[in-house]
Amino acid sequence: MDNLTVRYNILLVEGLQETKLSNYLVFILFLLPYIFITVSNVGILILIAVEKGLHQPMHILFCNLPLNELLGTTVILPSMMSHILRDPSERYITYVECAMQAFFAHLYGAASHTILMIMAFDRYVAICNPLRYPTIMSNKMMVNLSAGAWGSAIVLVGILIGLSLRLSHCRSVIQNLFCDNASLFKLSCENTVINNVYGLTFTVVLLTSSLGWVLLTYLRIARVCFQSKNKATNSKAIKTCSTHLAVYMIMMVSGFATILIHRFPASYESKNASTIIRYVIPPSLNPIIYGLQAKEIRQRLFKLIFKSKVNLM
């Protein structure tokens, strides 16, 4: 009985199939982006928190994005890095830890969409209803939007993972770099039709609602800008919207690449590459895009850097 318990509750993660000579190089290639992601996202959060001039709805709602990116990368990258330094036959993880990792990995993906949707709504109100913006985007509204973004993602992902946890499992190898929903239900020898149907429905609903909402808001913003003759207002609208749109496009391209590669036949290396891109590229680029493109954040950042240099002198 003890052997059966260990067999079914301790799982083996395949991870990256690198050679012993390349272990440390691959580890460093993961470590450097992880440090950058952590420092840059935490830095932006601290900057927005301490600078009163940045306590605006747009920046406060944006705080949800670096929080989500810190969550996603911290759940995935440290685990992958620890496995790199281990022998392939010793890359163990408990079933409970695997389930938690799968939940937070999918929460990161779902929340990325819902957070960018509420940020699109903020831009829509700011540009299309500027006079009512302070009234509409009150503290209560920001709390409700943030709670709605996280709450809907948690419910959708909770059902997704719950359907996999109900299954008994007869296998003990995770055929992936880390645990996700597909890895969990592939451990089972039971019928997984319900899991596949809900997973596909979950993906379609999330993507279509996200795309539909962002497209609708930007079409209305474009109409307002087209009808407006104020060049300064239009220029400001384009700058603020281009930042949000760039982040959204990066997320969609990396997300679609991962979905297509995992849904259709592909080599093991291609699947690994798409997974790495999904959890490294967007969290690395987003702080750069927002930090350099958002005028208020850029000015406060340069101000702090200049002050630190003066103090050192």
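First things first, this report covers the structure right here in the doc. All residue numbers refer to position in the chain's written sequence, counted from 1. At least 70 in pLDDT is required for a residue's local features to be given in this predicted model, at least 80 for side-chain atom pairs to be given and counted, and no such filter applies to totals for whole chains, interfaces and linings, which use all residues. Side-chain calculation: all heavy atoms of the structure are included, whereas hydrogens and water are not.

**Notes on the sheet that holds strand S3 (residues 173-174)**
Step number 1: Only strands that DSSP links by at least two bridges are regarded as paired with each other. Put simply, DSSP marks the helices as runs of H or I at least four residues long and the strands as runs of E at least two long, and each gets a number from the N terminus on. The strand order across the open sheet formed by three strands is S2-S1-S3, and the pairing between neighbours is mixed. One side of each edge strand has no neighbouring strand; the edge strands of this open sheet are strand S2 (92-94) and S3.
Step number 2: Should any heavy atoms of two residues lie within 4.5 Å, those residues are considered in contact. Only the contacting stretch of a helix is used when fitting its axis, a line to C-alpha atoms as for every element, and angles between N-to-C directions run 0 to 180 degrees. Helix H5 (residues 95-128) contacts strand S1 (10-13), S2 and S3 of the sheet and is inclined by roughly 85 degrees relative to S2.

**Overview of the pairing of S1**
Step number 1: Side chains Leu-11 and Val-13 of S1 all project onto a buried face; the interleaved residues Ile-10 and Leu-12 project onto a face where none is buried.
Step number 2: With three bridges joining them, S1 and S2 adopt antiparallel strand pairing. Within S2, the residue paired with Leu-11 across the bridge is Ile-93. To sort residues, take the accessible area from a 1.4 Å probe on protein chains only and compare it with the maximum for the residue type: under 20% means buried, over 50% means exposed, and anything in between is partly exposed.

**Brief notes about the side chain of Ser-183**
Step number 1: Counting through the fold element by element, Ser-183 comes out in helix H8 (residues 181-185).
Step number 2: In this structure the side chain of Ser-183 is engaged in a polar contact, spanning 2.5 Å, whose partner is the side chain of Asp-180.
Step number 3: Beyond its immediate sequence surroundings of up to four residues, Ser-183 is in contact with Ile-174, Asn-176 and Phe-178. Here a polar contact means two N or O atoms within 3.5 Å. Within protein one must be a hydrogen donor candidate and the other an acceptor candidate, and residues neighboring in sequence count only if both atoms are side-chain atoms.

**Let's talk about the side chain of Ser-112**
Step number 1: As for its placement among the helices and strands, Ser-112 is situated in helix H5.
Step number 2: Looking at Ser-112, the relative accessible area reads 5%, which means it is buried.
Step number 3: Excluding its chain neighbours within four sequence positions, the residues that come into contact with Ser-112 are Asn-68, Met-251 and Arg-278.

**Points about the state of the cysteines**
Step number 1: Sulfur atoms of two cysteines make up a disulfide when they are within 2.5 Å. As enumerated under the stated definition, the model contains two disulfides in all.
Step number 2: Here Cys-98 pairs with Cys-179 through a disulfide, and the sulfurs are 2.0 Å apart. An S-S torsion of about -115 degrees defines the bridge between Cys-98 and Cys-179 as left-handed. Remark: Cys-179 occurs in the loop between S3 and H8 and Cys-98 occurs in helix H5; sequence separation between them is 81 residues. The pair Cys-98 / Cys-179 is uniform in exposure class, with both members buried.
Step number 3: There is a disulfide in this structure between Cys-170 and Cys-189, and the S-S distance comes to 1.6 Å.

**Thoughts on the environment of Thr-73**
Step number 1: Among the secondary structure elements, Thr-73 is positioned in helix H4 (residues 64-84).
Step number 2: Each C-alpha atom, one on Thr-73 and one on Tyr-34, is 7.2 Å from the other, the two residues being 39 residues apart in sequence.

**With respect to helix H2 (residues 23-50)**
Step number 1: To estimate how far a helix should extend, the number of its residues minus one is multiplied by 1.5 Å. Taking 1.5 Å per residue as the helical rise, H2 with its 28 residues ought to reach 40 Å, and the 40 Å between its terminal C-alpha atoms agrees with that figure.
Step number 2: Three or more residues of H2 are buried, namely Asn-23, Val-26, Phe-30, Pro-33, Tyr-34, Ile-37, Ser-40, Asn-41, Ile-44, Leu-45, Leu-47 and Ile-48.

**A short note on a nonpolar patch on the surface**
Step number 1: A cluster of nonpolar side chains, namely Phe-36, Ile-277, Ile-281, Leu-285 and Ile-288, defines an oily patch on the protein surface of about 380 Å² accessible area.
Step number 2: If you tally residues by element for the nonpolar patch, the top one is helix H11 (residues 268-293), at four residues.
Step number 3: Within the secondary structure layout, Ile-281 lies in helix H11. Put simply, a patch holds well-exposed residues, over 30% relative accessible area, that have no salt bridge, with like charges counted together within 9 Å and Val, Leu, Ile, Met, Phe, Trp or Tyr side chains within 5 Å. Method for areas: the Shrake-Rupley scheme with a 1.4 Å probe, in which residue coverage is limited to the protein chains shown. One speaks of a salt bridge when a side-chain nitrogen belonging to Lys or Arg is within 4 Å of a carboxyl oxygen belonging to Asp or Glu.

**Looking at the environment of Ile-250**
Step number 1: Positionally, Ile-250 belongs in helix H10 (residues 231-263).
Step number 2: The spatial distance from the C-alpha of Ile-250 to the C-alpha of Ile-281 is 8.2 Å, given a sequence separation of 31 residues.

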